[in-house]
Amino acid sequence: MMVVMTPQATEAEIAAVVEKLEARGVHAKVMPGELTTAIGAIGDPEGVREMGLEGMPGVDQVIPISRPYKLASSELSHYEPTTFEVDGRRVGGGQTFCLIAGPCTVETREQTLAVADAVSKGNASMMRGGAFKPRTSPFAFQGLGLDAFEILKEAREATGLPIVTELTDVANAEALAEVADVIQVGARNMQNYRLLEMVGKLGKPVLLKRGLSSTVDELLQAADYILKEGNDELMLCERGIRTFETATRFTLDLAGVAYLKLHTHLPVIVDPSHAAGDRRLVEPLSRAAAAIGADGIIVEVAEDPEAALCDGPQQLYARDFGRFSQAVAAHAALLDKRLA
Ligand code: PEP
Ligand code: MN
């Protein structure tokens, strides 16, 4: 941390800050400048943050130098990219691209198995499908809940594809961990810290989505909640954020993806479907995600999107999936990655 004093700060005020830091075992280095004096506080940044230095006479600003996330950081803890396998599909590590595809929501057995078949034939790496849906309106279809699990199991048996499905409540954690190969934490639960700690303990790979109004650094701190429980089979997902722009459903933060690739060792997945809200934008955004260095994408696919109970306009037609997959694979190949 750096404590910047005001230009009017007196020697006594500077000394008081130094004394307070040293009393807590933090080394203080005074750096007089032309206009102001800065004091480098070398030691536990969390401890310094909580000392209330901002309120002391003569203090102008207290500026963090190290990043607020720890276990998720590629600078502090981990220099090599994290890579792991989900049922033989490699995630992260720079050689594979993970194509996760499937319906927004498990609605019926027939609908789910038909999409499972289409995405499997189109070389998807894993299948997605929501059992519990976090809907904005309580009157909208909330998903089949536990009844979706048998259908998801059947889809896995029929295709061999690992299943990615969302956990919305700690109460369903054990049951969901039995059917899910990857547990998704949705955007609306990124800051549900008890849920994050729970998924950190379940011993299953996790896909953590960025909150709709969360910064990339907040996403990385949310990741720390899962990592601190000893689970580092974790992928982060950029799914679009709220901005002033309303032309697309959310604004896909591809710069954030490049930033994440620089600052974390964790694999980064992009969800162009929820970001765009419009299937016509999903392919260009998917190609961009592959080209910018994402480790994979998660996309929604339906046989009959017009009949879907949730997110119809953004779901790709199952009949187009094979061609879509080839186009994305070609972009991943630009970075020497092949589909996982
Ligand atoms: C989803 O993937 O089904 C979903 C609800 O996405 P998000 O949490 O990103 O809105
Ligand atoms: Mn959806």
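In this convention, every chain numbers its residues from 1, walking through the sequence in written order. All chains are assigned letters beginning at A, and all ligands numbers beginning at 1, according to the order in which they are written. The predicted origin of the model limits local features to residues at a pLDDT of at least 70 and limits the giving and counting of side-chain atom pairs to 80 or more, whereas totals for whole chains, interfaces and linings rest on all residues. Side-chain numbers here rest on the full set of heavy atoms in the structure, without hydrogens or water.

A.B. asks: How would you summarise the environment of Gln314 if you had to cite specific residues and measurements?
C.D. replies: Helix and strand definitions follow DSSP, with helices as H or I runs of at least four residues and strands as E runs of at least two, each counted in order from the N terminus. The topology assignment puts Gln314 in the loop between β14 (296-302) and β15 (316-317). Accessibility here uses a 1.4 Å probe with only protein chains present; expressed as a share of the type maximum, an area under 20% marks a residue as buried, one over 50% as exposed, and anything in between as partly exposed. Note on Gln314: relative accessible area 2%, which makes it buried. Once the C-alpha coordinates of Gln314 and Ala302 are considered, the two residues, twelve residues apart in sequence, prove to be 9.5 Å apart. Contact between two residues is taken to exist if any of their heavy atoms lie within 4.5 Å; hydrogens are not considered. When near neighbours in sequence (up to four residues on either side) are disregarded, Gln314 contacts Arg249, Ser273, His274, Gly277, Asp278, Arg279, Val282 and Glu300. Between N or O atoms, a polar contact is any pair within 3.5 Å; within protein, one atom must be a potential hydrogen donor and the other a potential acceptor, and residues adjacent in sequence are included only when both atoms are from side chains. Within the local environment of Gln314, its side chain forms a polar contact with the side chain of Arg249, the two groups lying 2.7 Å apart.

A.B. asks: How would you summarise unusual backbone geometry if you had to cite specific residues and measurements?
C.D. replies: Positive phi values are uncommon outside glycine, yet Asp87 reaches one of about 50°. Along the chain, the position of Asp87 falls in the loop between β5 (84-86) and β6 (89-91).

A.B. asks: So what's going on with helix α4 (residues 148-159)? Residues and values would help.
C.D. replies: Note that an α-helix has 3.6 residues per turn; residues three or four places apart therefore point the same way. Residue count minus one, scaled by 1.5 Å, sets the expected span of a helix. Look at α4: 17 Å from first C-alpha to last across twelve residues, which is about the 16 Å you get at 1.5 Å a residue. Buried within α4 we find Ala148, Phe149, Ile151, Leu152, Ala155 and Thr159. Looking straight down α4, one finds that the buried residues subtend no more than 160° of arc, so they occupy a single side. Exposed and oriented more than 90 degrees from the buried face of α4 are Glu150, Glu157 and Ala158. In the segment just after α4, Gly160 is the residue with positive phi, at about 80°. This arc describes the spread of directions from the helix axis toward the C-beta atoms.

A.B. asks: So what about the nonpolar core? Which residues, and what values?
C.D. replies: Membership of the largest hydrophobic core comes to 67 residues, with the highest contact counts inside it found for Leu208 and Val299. When residues in this core are grouped by element, the largest group, seven residues, is from helix α7 (residues 216-227). Other than its neighbours up to four places away in sequence, Leu208 contacts Val185, Met190, Leu196, Leu219, Ala222, Ala223, Ile226, Leu234, Met235, Leu236 and Cys237. Core analysis: the second largest hydrophobic core is formed by 18 residues, Ala28, Ala41, Leu53 and Val62 among them. Residue types Ala, Val, Leu, Ile, Met, Phe, Trp, Tyr and Cys, when buried and joined through side-chain atoms within 4.5 Å, form a set referred to as a nonpolar core.

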